Amino acid sequence: ETGVTQSPTHLIKTRGQQVTLRCSSQSGHNTVSWYQQALGQGPQFIFQYYREEENGRGNFPPRFSGLQFPNYSSELNVNALELDDSALYLCASSLGLVTGYEQFFGPGTRLTVL
Amino acid sequence: AQRVTQPEKLLSVFKGAPVELKCNYSYSGSPELFWYVQYSRQRLQLLLRHISRESIKGFTADLNKGETSFHLKKPFAQEEDSAMYYCALSGRESTGNQFYFGTGTSLTVIP
């Protein structure tokens, strides 16, 4: 069984640029969620995808968008990067839509915006 | 609105002493409550959830709907319990599933 993987590990961008982060779900999982974790804070929910459709979104602007592919891997895209977007971005997969399911987290991508 | 509150950012206890990590929540509807843990240089992982009503690594957590709390307890702390602990809540809302994490409590167990 393969765990959740994320790429890249680290990324440095400048303000105004666009970035794409990638996530591969744990084997057998069809649901993926993305979180932003600023330094010293808990993870903040960005959105969730289930079978390629968005199924829940946190309080993030539209410049945060996502995709889920038929193999259940996922992308997080952020346009017009701002300094405050600097954070650890976590991907988590789960078995399905039920909110009580355990989420399995990846190691995260550290994004720095200069 | 703050959904999950963990009042202690840092908590230190001696090995063998009881430990309680506090979590209070604010949510209308029927939330699911969880405790996630992150050990040093490891990824975030589930410790326990209220629907399972189980004890994991000696930890228990009781959902108190009246006090809207989900405190994590262990009668005798061990050094390997030193980690960052996050209380989390999930629920189904009109906009879809939502997930909320607290700011975390860093637990240090002193030998």
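All of the points below concern the structure found in this document. (Residues numbered from 1 in each chain as written. Chains lettered and ligands numbered in written order. Predicted model: local features only at pLDDT ≥ 70, side-chain atom pairs only at ≥ 80, totals over all residues. Heavy atoms only, no water.)

### Notes on the interface of chain A and chain B
Accessible area lost upon the coming together of the parts serves often as the stated size of an interface. This is how it is decided: The contact criterion used is simple: two residues touch if any of their non-hydrogen atoms lie within 4.5 Å. By convention, the term buried area covers the 1.4 Å-probe accessible surface removed from two parts as they join, with the contributions of both added. In what follows, salt bridge is the name for a side-chain nitrogen of Lys or Arg lying within 4 Å of a carboxyl oxygen of Asp or Glu. Here a polar contact is recorded for every N or O atom pair within 3.5 Å, except that within protein the pair must consist of a potential hydrogen donor and a potential acceptor, and residues adjacent in sequence are included only if both atoms are side-chain atoms.
Counting residues at the interface gives 23 residues for chain A, matched by 21 residues for chain B. Here chain A meets chain B over a buried area of about 1,800 Å², counting both sides, of which 48% is carbon and sulfur. Our enumeration of links across chain A and chain B arrives at zero salt bridges. Here chain A is connected to chain B by 10 residue pairs in polar contact (both at pLDDT 80 or more).

### Description of the sheet that holds strand 1 (residues 5-7) of chain A
Sheets are built from strands that pair by backbone hydrogen bonding, the pairs being arranged parallel or antiparallel. All names here are of chain A. Counted only if it meets this: A pair of strands is considered paired only if DSSP assigns at least 2 bridges between the two. Counting from the N terminus, the helices are DSSP H or I runs at least four residues long and the strands are E runs at least two residues long. A fitted line through C-alpha atoms represents every axis, and for helices the fit uses only the stretch in contact; the resulting angles, taken between N-to-C directions, go from 0 to 180 degrees.
Strand order in the open sheet formed by four strands is 1-3-8-7, and the pairing between neighbours is antiparallel. Two strands close off the open sheet at either side, each with one partner strand: strand 1 and strand 7 (64-68). For this sheet the average axis-to-axis angle between neighbouring strands, irrespective of direction, equals 20°.

### Focus: the state of the cysteines
Cysteine pairs can be covalently joined through their sulfur atoms, and such a bond is termed a disulfide. Condition: Criterion for a disulfide: a pair of cysteine sulfur atoms within 2.5 Å. A simple rule labels every residue: compare its accessible area, found with a 1.4 Å probe on the protein chains alone, to the largest value its type can have, and call it buried under 20%, exposed over 50%, or partly exposed in between.
As enumerated under the stated definition, the model contains two disulfides over all chains in all. One disulfide bridge connects Cys23 of chain A with Cys91 of chain A, the sulfur atoms lying 1.8 Å from each other. Looking along the S-S bond of the Cys23 of chain A-Cys91 of chain A disulfide, the torsion reads about -55°, which is the left-handed sense. Of this pair, Cys23 of chain A sits in strand 3 (residues 19-24) while Cys91 of chain A is found in strand 9 (residues 87-94), placing the two residues 68 residues apart along the sequence. Taking relative accessible area as the criterion, Cys91 of chain A reaches 0% and is therefore assigned buried. Two residues share a disulfide in this structure: Cys23 of chain B and Cys87 of chain B, whose sulfurs sit 2.0 Å from each other. Its S-S torsion of approximately -65° makes the covalent link between Cys23 of chain B and Cys87 of chain B left-handed. Of this pair, Cys23 of chain B sits in the loop between strand 3 (19-21) and strand 4 (24-25) while Cys87 of chain B sits in strand 9 (residues 83-93), and the two are 64 residues apart along the sequence. What makes Cys23 of chain B buried here is its relative accessible area of 0%.

### Considering the sheet that holds strand 7 (residues 60-61) of chain B
One open sheet holds the three strands; their spatial order is 3-8-7 (chain B), and the pairing between them is antiparallel. Two strands close off the open sheet at either side, each with one partner strand: strand 3 and strand 7 of chain B.

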